[in-house]
Amino acid sequence: MASANSTPTKSTPMLKRAAASAYLGSVIEYYDFFVYSVCAALVFKDVFFSNLTPAVGTLASLATFATGYLARPLGGIIFGHFGDKLGRKRMLVVSMFTIGIASTAIGLLPTYDQAGLIAPVLLILIRVIQGVAIGGEWGGAMLMSAEHATKNRGFWASFTSAGAPTGQLVSALVIAGTLAAMGPDAFIAWGWRLPFLASVLLLVIGVIVRSAVDESPEFLAAKKRTPKRGLPILATLRKQPLTLVLAVGVGLSAFMFQGLLTTYSIAYGVQIGIERQTILNALSFSSFFAIFGIIGWSRLSDTVGRRPLVIAGAVLIAVWGFALFPMLETKNGLIITIGMIVGQGIIHPMIYGPLAGLYSELFDTEHRYTGASLGYQIAGIGAGISPVLFAAIMSSTGSPSTIPLSIVLLAVAAISILCIWRLGETKSRILSEQNFAETPSVPSASTSGTTTPTSTAPATDTPPAAMEGPTP
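Note that the structure is predicted; figures quoted are calculated from it, not measured.

1. Description of helix H12 (residues 241-271)
In step 1: Over its 31 residues, H12 runs 42 Å from end to end, which matches the ideal 45 Å to within 8%, given 1.5 Å per residue.
In step 2: Along H12, the helix axis deviates most sharply at Tyr264, where the bend reaches about 50°.
In step 3: Among the 31 residues that make up H12, 26 are buried, leaving the element largely enclosed by the rest of the structure.
In step 4: After H12 finishes, the residue Gly273 shows a positive phi value of roughly 105°.

This is how it looks when you write it as structure tokens:
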């Protein structure tokens, strides 16, 4: 195995700069995505699908939200490929530009009444482009922090994930403020465009910060020891297919739960008569607490491990899936806010926070960007499809009962527990070690001219920590 000493010098100032860059990039990413999710739940059925009935229009609007998530694995492959070949930093600048420009373009689109079918078609196209760019953003940003860190990797990597609720909080506040200032009618008519156009300001700040971060030292070390050959996606699928599947399963429950909390809860709440402002306020408060929940649980995972927190979070997701809907149905602002804070501020971060550290530890540097991005983004499809799935289940049953939705969350929580149990604990892995990547043979010191390999890949594709089975 390659020694950690081969890694270029890591500095605390650059680590902090990388974490700040990752955090800000994630804020921009999720600001754009959650502005879209709120507008998909509240506005787009009237703007882009006004030719459909309200129920079908809502379903179609939520479906466009899902297309962005479906495109994210493709982004993980594309950006992961070039990120593993050319470097993390270059791809992060490209992804940030693409996300910001796509979001601005949505704010300039014509409505269905103005352009007919071309309006929703353009919306879906831009949404796909945005999804591809976002698919490459998280993995690279997370790795820039994790690969600059010398200790407490989960804590530093978590700033990428902490940007998600921050972006959501900013977007909720912007939308709530815009909605309160102009009223529902003006907001639906044209005011919804303003939050999308405002993303340009965040984009400028983000590019300035990101340009000041040095390339990942782990990538530079890997570039010296391993020639640029083969495709990272093929290396991931050939060497670690089981690890990739288990990585998807670990994150699935958190993302399905996220889709419920941040998107479907809005659509469901408005449907049963909750005021838009009430549900948006609850979302804002819960997003604020989620920032600290993600960072706090991630720091704890550096001490107790990733696996205990993921298991605890999955169990609580299964429980809260049965409690949240009755709390929403009270239509009481305080109860709704408490339900959202517990769900998004405490329970969801128990899995979502440690995921950054966990995914960085599952794959070798040579294909880590691709492997981590693909695992995260495939799991992330759960956040895109869960609002559509929940809406379809409620529509098909014709019953007001939300028990079937709670059972779905219970099932995916069980999947996450089984997957993390199989993976084992990874928090102590040294990222510079090569467990799966091929390394070229080098001349032997002997005069015989024979060669000896510098490392030998294990027969199994599971991470080193999992090879001996689950550990306490």
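2. Quick look at the packing of helix H1 (residues 12-42) against helix H4 (residues 88-106)
In step 1: In contact at an axis separation of 10 Å, H1 and H4 are set at 25° when each is read in the N-to-C sense. On the basis of the axis angle, H1 is roughly parallel to H4. You can see that H1 and H4 cross each other, and the crossing is left-handed. For the pair formed by H1 and H4, the contact residues are Gly25, Ile28, Glu29, Asp32 and Tyr36 on the first element and Met96, Ile99, Gly100, Ser103 and Ile106 on the second.
In step 2: For the contact of H1 with H4, the per-class residue count stands at five nonpolar, three polar and two charged.

3. Notes on unusual backbone geometry
In step 1: For Asn152, which is not glycine, the phi dihedral falls at a positive 50°.
In step 2: Along the chain, Asn152 turns up in the loop between helix H6 (118-146) and helix H7 (153-191).
In step 3: The phi torsion at Lys331 lies on the positive side, around 60°, for a residue other than glycine.
In step 4: If you trace the backbone, Lys331 turns up in the loop between helix H14 (306-329) and helix H15 (333-362).
In step 5: Here Lys331 falls in the partly exposed class, since its relative accessible area comes to 46%.

Reading the values: the criteria
Residues numbered from 1 in each chain as written. Predicted model: local features only at pLDDT ≥ 70, side-chain atom pairs only at ≥ 80, totals over all residues. Heavy atoms only, no water. Helix = DSSP H or I, 4+ residues; strand = E, 2+ residues; numbered from the N terminus. Expected span 1.5 Å × (residues − 1). Bend = angle between axes of the 7 residues up to and from the residue. Buried < 20%, exposed > 50% of the residue type's maximum accessible area, 1.4 Å probe, protein only. Axes fitted to C-alpha atoms, helices over the stretch in contact; angles between N-to-C directions. Parallel < 35°, antiparallel > 145°, perpendicular 65-115°, else oblique. Left-handed = near helix turned anticlockwise from the far one by under 90°. Contact = heavy atoms within 4.5 Å. Nonpolar A, V, L, I, M, F, W, Y, C, P; charged D, E, K, R; others polar.

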